[in-house]
Every structure is written in structure tokens, then in C-alpha cells.
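So you can see what is in the structure, the chains are spelled out below.
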Amino acid sequence: MVSNVEQFRPRNGYFLSYWAFFTISTLTYLNVLDYGFLGGLPSITWGLFACSFFYLIFIHPKVIYSDEGLVIINPMQNITLGWNEISLIDSRFTMYVINQSSGVKYHAFAAQAPGRYHIRNVHPTEIRGMQLNDSGSIKAGESPRSNSGIAIAIARTRFENFHQRGNIQGLKFSIAFNHLGASIALFLFLLAITTQLLQP
């Protein structure tokens, strides 16, 4: 049983996915108007496959925090880690955590890091109160304006609270494959191929 659950999912993922859904739907609709339902069937099935792909990339990924640990939900994997099993929380391309026992790095697809020059646009007042390294600066991936920076800040706060309290049992480490998402995407891909081949 987890407590004090908090979820992080970037808002720009919704914007990109809805833009993709709208574009695909419009093109499919125009294709059906030109060629009829049967003639436009391949466009419909390919459109459904593309929508499932964009859903997995932009909407499905998220990070779920609790007092006991975090769950990293990537397009094809769900990774559960207790705070007691994490040795480092950092960013490189995305936020990542390192498993203390294995040393394996687990990246959070939902917490993308910005480019290296992003940090030039961050005002000093925006990093006030943040934990800084010995040089008194932060990396681009820790910027409070970035998805990775927001995700890291939440994770580090929860990580510290867990170790300060000392009486909480961490989540059990596990990795689960996204069978449902993979099955739906594969089915729609095969359906699209089939309708394309059967098209006269």
C-alpha cells in the first residue's frame, strides 16, 4: 500500500499527441472522402496504428511518486523502485535513477532533459532554494523550466524525506513489460499491412 501519491506527466506531451491525432484524423477523413470507405480503409488502419504509436510515446509515459518509492512508466516498461534502492537521481537526456545494488541506470521517458544551452535562459532567482553542487550551478537537466528538472526536484525531495523519516518500508524492485500497449500496437500494425495488401 503506497501513500501520498503524486504523478508527473509533461503537458507538452498532450499538445504534441493531440496535434498528431488531429492531423492524422484530418488526412484520413480527406482520403475517405476521395476514395470512399473501402478505398480509404488502409488510411484508416494506418491512422489508428499511428495514433497508438503517438499515444505510447507522448501520453503513456509518466513518473509516479509515493513516500515508499517511485514508478517509472515508459512506453514499453514499468519500473518500480523503492527509495532505499536508489543511489543517485540525475539527468542525461532524461531524468534517471541508479539502482544501488546493480548499478543499472533507469531513464524516465516522461522527463526529457533540454539542450545544454537551455541553462543560459534560467534566471538566478529561479534556482533559489535548490540543492546546488560545489560550483554553485546546476546542469541543464536540473533546470526548473525543464521536464527533467521538475521530475528530479520532486524525486530528490521524496528521497530525502524517506531517509529522514527512516521508518518507511520501500517499494519492492520490479520491471514489467507493457504487454497491452505492445499487443495493441502490433495488432494495428498487422491490420494496416493486411488492409494495404488486400486493397485492389
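For the structure itself, look to the data block above.
Residues numbered from 1 in each chain as written. Predicted model: local features only at pLDDT ≥ 70, side-chain atom pairs only at ≥ 80, totals over all residues. Heavy atoms only, no water.

On to the side chain of Asn-147. Mapped onto the secondary structure, Asn-147 falls in helix α3 (residues 147–165). If sequence neighbours within four positions are ignored, Asn-147 has contacts with Phe-8, Pro-10, Asn-12, Ala-110, Ala-111 and Gln-112. (Helix = DSSP H or I, 4+ residues; strand = E, 2+ residues; numbered from the N terminus. Contact = heavy atoms within 4.5 Å.)

Take the sheet that holds strand β2 (residues 62–65) next. Spatially, β1-β2-β3-β4-β8 is the arrangement adopted by the five strands of the open sheet, whose pairing is antiparallel. Of all strands in the sheet, those with a lone pairing partner are β1 (6–8) and β8 (174–177), marking the two edges. Neighbour to neighbour, the strand axes of the sheet diverge by 15 degrees on average, direction disregarded. Pairing analysis gives four bridges linking strand β4 (residues 77–82) to β8, with the strands arranged antiparallel. Paired with Ile-79 across the two strands is Ile-175, which belongs to β8. Docked against the sheet, α3 engages β1 and β2, running at close to 155 degrees with respect to β1. (Pairing = 2+ DSSP bridges. Axes fitted to C-alpha atoms, helices over the stretch in contact; angles between N-to-C directions.)

A few words now on the pattern of salt bridges. Taken as a whole, this structure holds three salt bridges when the rule is applied. Ionic pairing is found between Glu-6 and Arg-158, a salt bridge with its closest N-O pair at 3.2 Å. Separated by 152 residues along the polypeptide, Glu-6 in strand β1 and Arg-158 in helix α3 bring together distant segments of the chain. Overall, the relative accessible area of 8% leaves Arg-158 in the buried class. We note a salt bridge from Arg-158 to Asp-67, for which the minimum N-O separation is 3.6 Å. In this pair, Arg-158 sits in helix α3 while Asp-67 sits in the loop between β2 and β3 (69–73), placing the two residues 91 residues apart along the sequence. Here the salt bridges do not stand alone but share partners, grouping Glu-6, Asp-67, Arg-158 and Arg-165 into one network. (Salt bridge = Lys/Arg side-chain N within 4 Å of Asp/Glu carboxyl O. Buried < 20%, exposed > 50% of the residue type's maximum accessible area, 1.4 Å probe, protein only.)

All right, on to the packing of aromatic side chains then. One pass over the structure, following the stated rule, counts nine aromatic pairs. Here the aromatic rings of Tyr-14 and Tyr-18 are separated by 6.1 Å at their centres, their planes lie at 40 degrees, and the arrangement is tilted. With Tyr-14 and Tyr-18 both in helix α1 (residues 11–39) and four residues apart, the pair spans about one turn of that helix. Judged by its relative accessible area of 28%, Tyr-14 is partly exposed. Ring plane angle 75 degrees and centroid distance 5.9 Å describe the contact between Trp-46 and Phe-189, whose orientation is recorded as edge-to-face. Residue Trp-46 is located in helix α2 (residues 41–59), and its partner Phe-189 is located in helix α4 (residues 179–198); the two are separated by 143 residues in the primary sequence. You can call Trp-46 partly exposed: its relative accessible area is 29%. An aromatic cluster is present here, built from Tyr-14, Tyr-18 and Phe-21 joined pairwise through their rings. The ring of Tyr-96 has Lys-105 lying over it, and the distance from NZ or CZ to the ring centre is 4.5 Å. (Phe/Tyr/Trp six-rings, centres within 6.5 Å; stacked < 30°, edge-to-face > 60°. Lys NZ or Arg CZ within 6 Å of the ring centre and 35° of its normal.)

Further remarks concern the pairing of strand β5 (residues 86–92). Side chains on a regular strand alternate between the two faces of the sheet. Alignment of β5 against strand β6 (residues 94–99), held across six bridges, turns out to be antiparallel. Across the sheet, residue Ile-86 finds its bridge partner in β6, namely Asn-99. Counted along the chain from β5 to the antiparallel partner β6, the turn is one residue long, and its residue Phe-93 has a positive phi close to 75 degrees.

Strand order in the open sheet made by the three strands is β5-β6-β7, with antiparallel pairing throughout. Because the sheet does not close on itself, it has two edges, and the strands there are β5 and β7 (105–112). Put simply, the sheet's adjacent strands are angled 25 degrees from each other on average, direction ignored. Across the sheet, α3 is in contact with β5, β6 and β7; its angle to β5 comes to roughly 165 degrees.

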